[in-house]
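Topology and contacts: notes
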Amino acid sequence: MCIDRQPLAEVFGYPVTDRSDVAKRYRSSRLCPFNNNVPNCTKDKAKDPLGVCSINQDGQAVITCPIRFRQDWIVADDAAAFFFEPGTRWTSLTEVRLNDANGKCAGNIDLVLVAYDENGRVLDFGAVEVQAVYISGNVRDPFQYYMQDPEARGSMDWSKQPNYPRPDYLSSSRKRLVPQLVYKGGILHSWKKKMAVVLNRSFFATLPAMKQVPKHEAEIAWLIYELKLQPYTEHGGRRYHLTKIDEAFTEFEPALASITTPTPGRMEDFVKILQEKIDVKLENPPTNETIDRPF
């Protein structure tokens, strides 16, 4: 895997090389153009936000902020097409608390789509879980360095710096995706309610193969997106556009089993590691002599 010279793809909603007036305004005011709960970016710290929406990996922009998936609410339309019949009235709610039978919080659902009738009565709902990618390494250092002079550092070379930031897909699935499916997904599944999981194509590609089923039989829709760089806009800059690349439909329990069941390596390789450690230990035996009357 090659290392991109510039690790940052988007900062405060715009490509780091964008010098248009609108991009400058978003950077200087620390704004978020992707339907955050407030106009400003609040990632990591509200007063000193880490305004990195996506990072580069092999020339592709990988989304690292879940709010980035809210562009034009495309994911809501795509999820609604899975949850509801055409023509259904629906609306969306963000960050909805989900409790277990003991009243304890199992987590917040990123996005709940609610179908309602002409009187506003709830008829049905579906849950959307947005899975951005964790970062290994240090992304704040290159972000702060870039923000000191965005005009000159859009194409900066950070490849030789320590702790270069990279997508951490393994942690993203083990520490984020799996717990979400186990706890929140388990409750929704018991209620026989559908889920949609929104994630980057590069993230989905790292997951184990899952048995797919026809859409009408599915309990989970995996909505798979990429960021595609668009031509110059009327403001003179360029924007990445959230684009659905693919979708996959699975049942809940088989998908959970596929993701949570590790693929075992060879036992012979583990025994080899044990043998190497034993050999080192026997070549350098510890001193176990008894000292008579030390005091």
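Everything below is about the structure shown above.
The present account deals with the structure reproduced in this document. (Residues numbered from 1 in each chain as written. Predicted model: local features only at pLDDT ≥ 70, side-chain atom pairs only at ≥ 80, totals over all residues. Heavy atoms only, no water.)

Here's the deal with the layout of surface pockets
Keep this limit in mind: Here a cavity denotes grid points, spaced 1 Å and computed from the protein atoms alone, that fit a 1.4 Å probe unable to get out, and a pocket denotes an open set having protein on both sides within 12 Å along at least 5 of 7 lines; residues with an atom within 4 Å of a point are the lining. Grid points are joined across faces, edges and corners, and a volume is the space filled by probe spheres set on the points. Numbering of helices and strands runs from the N terminus; a helix is a DSSP stretch of H or I covering at least four residues, while a strand is a stretch of E covering at least two. In this classification, the charged set is Asp, Glu, Lys and Arg, the nonpolar set is Ala, Val, Leu, Ile, Met, Phe, Trp, Tyr, Cys and Pro, and all remaining amino acids, among them Gly, are polar.
Estimates place the volume of the largest pocket at around 360 Å³. Lining the largest pocket we find 20 residues, and of these Pro66, Ile67, Asp110, Val130 and Arg176 sit closest to its centre. Taken together, the elements giving at least two residues each to the lining of the largest pocket come down to strand E5 (90-99), strand E6 (105-116) and strand E7 (122-131). Class assignment for the residues of the lining of the largest pocket results in 10 nonpolar, 6 polar and 4 charged.

A word on helix H1 (residues 21-29)
Filter applied, for reference: For every residue, the accessible area (1.4 Å probe, protein chains only) is compared with the maximum for its type, and the residue is labelled buried under 20%, exposed over 50%, or partly exposed between those bounds. Think of it as the arc spanned by the lines of direction from the helix axis to the C-beta atoms. Whether two residues are in contact is decided by their heavy atoms, any of which lying within 4.5 Å being enough.
Within H1, the full set of buried residues consists of Val22, Ala23, Tyr26 and Arg27. Along the axis of H1, the buried positions cluster into a sector of 135 degrees, meaning they face one direction only. For H1, the exposed residues set more than 90 degrees away from the buried face come down to Asp21 and Ser28. Looking at the packing, one finds that the buried side of H1 touches strand E1 (8-11), strand E2 (14-15), helix H3 (140-148) and helix H4 (150-153). The first or second residue beyond H1 is Arg30, which carries a positive phi of 55 degrees.

Focus: the sheet that holds strand E10 (residues 195-200)
Note on sheets: strands pair through backbone hydrogen bonds, and any given pair is parallel or antiparallel. Applied cut-off: Two strands are said to pair when DSSP picks up at least two bridges between them. For every element, the axis is a line fit to its C-alpha atoms; helices are fit only across the contacting stretch, and the angle between N-to-C directions ranges from 0 to 180 degrees.
One open sheet holds the 6 strands; their spatial order is E5-E6-E7-E10-E11-E12, and the pairing between them is mixed. The open sheet has two free edges, formed respectively by E5 and strand E12 (240-250), since each of these has just one partner strand. The mean angle between the axes of side-by-side strands here comes to 30 degrees, regardless of whether they run parallel or antiparallel. The pairing of E7 with E10 spans 5 bridges and is classified as parallel.

A word on the sheet that holds strand E4 (residues 60-63)
Read from one edge to the other, the open sheet built from 4 strands follows the order E2-E1-E3-E4, with strand pairing classed as antiparallel. On the outer flanks of this sheet lie E2 and E4, each paired with one strand and no other. In this structure, E1 lies alongside strand E3 (residues 52-57), joined through 3 bridges in antiparallel fashion. Its bridge partner being in E3, Leu8 is matched across the sheet by Ile55. Strands E1 and E3 of the sheet are contacted by H3, whose axis makes an angle of about 60 degrees with E1.

With respect to the nonpolar core
Which entries qualify depends on this criterion: Only buried Ala, Val, Leu, Ile, Met, Phe, Trp, Tyr and Cys residues count toward a nonpolar core, and they belong to the same one when joined by side-chain atoms within 4.5 Å.
In terms of nonpolar packing, the biggest core is built from 29 residues, with Phe69, Phe83, Leu113, Val128, Val198, Tyr225 and Leu242 touching the most fellow members. Where this core is concerned, the elements lending two or more residues are E4, helix H2 (74-83), E6, E7, E10, strand E11 (220-229) and E12. Ranked by residue count, the leading element in this core is H2, at 7 residues. In terms of nonpolar packing, the next biggest core, distinct from the first, is built from 27 residues, Val112, Tyr169, Trp222 and Leu256 among them.

Interpretation note: all reported values are geometric properties and have no functional meaning in isolation.
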